[in-house]
Amino acid sequence: MRFETVMTGMIFVFCFLLKVSSVDAPENKEPCENKLICQERHNASAGENVTLDCHTEPQCDVMDKSVKWEFGSEIVLLYRNKDVDPGAQAERFKRRAKKDITWNPAEGKLAVKIESVKTTDFGEYTCSIRKGKVCTTKLILQQLGNSDKNEANKPQTTPSQSQKNIGVPPFFQDPVITLVLATFALLYLLCH
């Protein structure tokens, strides 16, 4: 085979596969089909700082959505218009509840940190995203001398899609790209 013929064939196959993959791709797919996940419970003692975990599964960008953390009818933290709204926060959470260091709405990470937990802070918290996605977590008073404290505060998560694909380059996760690369490799081997 002549090299020019093989290259022309490879270009044709590549263009054909790109066309096929673009036809199958939905144009107006909902950008965030996911669940909202909260750790079931968090243990803390009065006076400690605690981080209440909330994240999307699978990971998804929620920067353009409103995120609300509530304790009963009180707003702990309200994120809207790509920023926290301190005016919406209940008075007792002002200067104590803020975005945790892991907060990253572009990746669906929505943990809130409450500093100097008070005995009146223990109970059920709700994290919600504008389109009805909700999860709850309980903040439980830690009894002094309980050695299970560190275990209780560890997140109970399932592996995300990105964790399941560890070691697999991102371009191999798309079957069309994998097929194109395999075709190029095969044609290269046939020419040499």
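Located above this text is the structure these notes cover.
As a starting point, this report considers the structure included with it. These figures come from a predicted structure and were not determined experimentally. (Residues numbered from 1 in each chain as written. Predicted model: local features only at pLDDT ≥ 70, side-chain atom pairs only at ≥ 80, totals over all residues. Heavy atoms only, no water.)

## Remarks on the state of the cysteines
- A full pass over the atoms with the stated rule returns 2 disulfides.
- In this model Cys38 forms its disulfide with Cys135; the gap between the sulfur atoms is 1.9 Å. On the S-S bond that ties Cys38 to Cys135, the torsion sits near 50°, and the link is right-handed. Taken together, the residues span a long stretch of sequence, with Cys38 in strand 1 (residues 35-38) and Cys135 in strand 11 (residues 133-141) at a distance of 97 residues. The exposure classification of Cys38 matches that of Cys135, with both residues buried. (Disulfide = S-S within 2.5 Å. Helix = DSSP H or I, 4+ residues; strand = E, 2+ residues; numbered from the N terminus. Buried < 20%, exposed > 50% of the residue type's maximum accessible area, 1.4 Å probe, protein only.)

## Observations concerning the sheet that holds strand 2 (residues 41-44)
- Read from one edge to the other, the open sheet built from 6 strands follows the order 2-11-10-5-6-7, with strand pairing classed as mixed. In this open sheet, the two strands that pair with only one neighbour each are strand 2 and strand 7 (83-84).
- Where strand 2 and strand 11 come together, 4 bridges link them in parallel fashion. Residue His42 lies in a different strand from strand 11, and its bridge partner there is Leu139. (Pairing = 2+ DSSP bridges.)

## Let's talk about unusual backbone geometry
- Here the amide bond leading from Glu57 into Pro58 is cis, since omega sits at 0°, within 30 degrees of zero.
- Inspection of the secondary structure puts Pro58 in the loop between strand 4 (54-57) and strand 5 (67-71).
- In this structure, Arg95 is a non-glycine residue whose phi angle is positive, near 65°.
- Exposure remark for Arg95: the relative accessible area of 67% places this residue in the exposed category.
- Despite not being glycine, Ser116 shows a phi value in the positive range, around 45°.

## A few points about the environment of Ile129
- Tracing the chain through its elements places Ile129 in strand 10 (residues 123-129).
- C-alpha of Ile129 to C-alpha of Val62: the two residues are 67 residues apart in sequence and 8.2 Å apart in space.
- Each residue touching Ile129, except ones within four places of it in the same chain, is listed here: Leu36, Thr56, Val62, Lys65, Ser66, Val67 and Leu110. (Contact = heavy atoms within 4.5 Å.)

## Quick word on the packing of aromatic side chains
- All told, the structure shown has 4 aromatic pairs when counted by the stated rule.
- Each ring, one from Phe71 and one from Phe93, has its centre 6.2 Å from the other, and the planes form 70°; the classification is edge-to-face. With a gap of 22 residues between them, Phe71 in strand 5 and Phe93 in the loop between strand 7 and strand 8 (97-99) connect regions that are remote in the sequence. Accessibility classification places Phe71 together with Phe93 in one group, the buried group.
- A ring pair is formed by Phe93 and Tyr125, whose centres lie 6.4 Å apart and whose planes are at 75°; its orientation type is edge-to-face. Here Tyr125 lies in strand 10 and Phe93 lies in the loop between strand 7 and strand 8, a separation of 32 residues in the sequence.
- Judged by its relative accessible area of 0%, Phe93 is buried.
- Taking relative accessible area as the criterion, Tyr125 reaches 0% and is therefore assigned buried.
- Ring pairs connect the aromatic residues Phe71, Phe93 and Tyr125, which therefore count as one cluster. (Phe/Tyr/Trp six-rings, centres within 6.5 Å; stacked < 30°, edge-to-face > 60°.)

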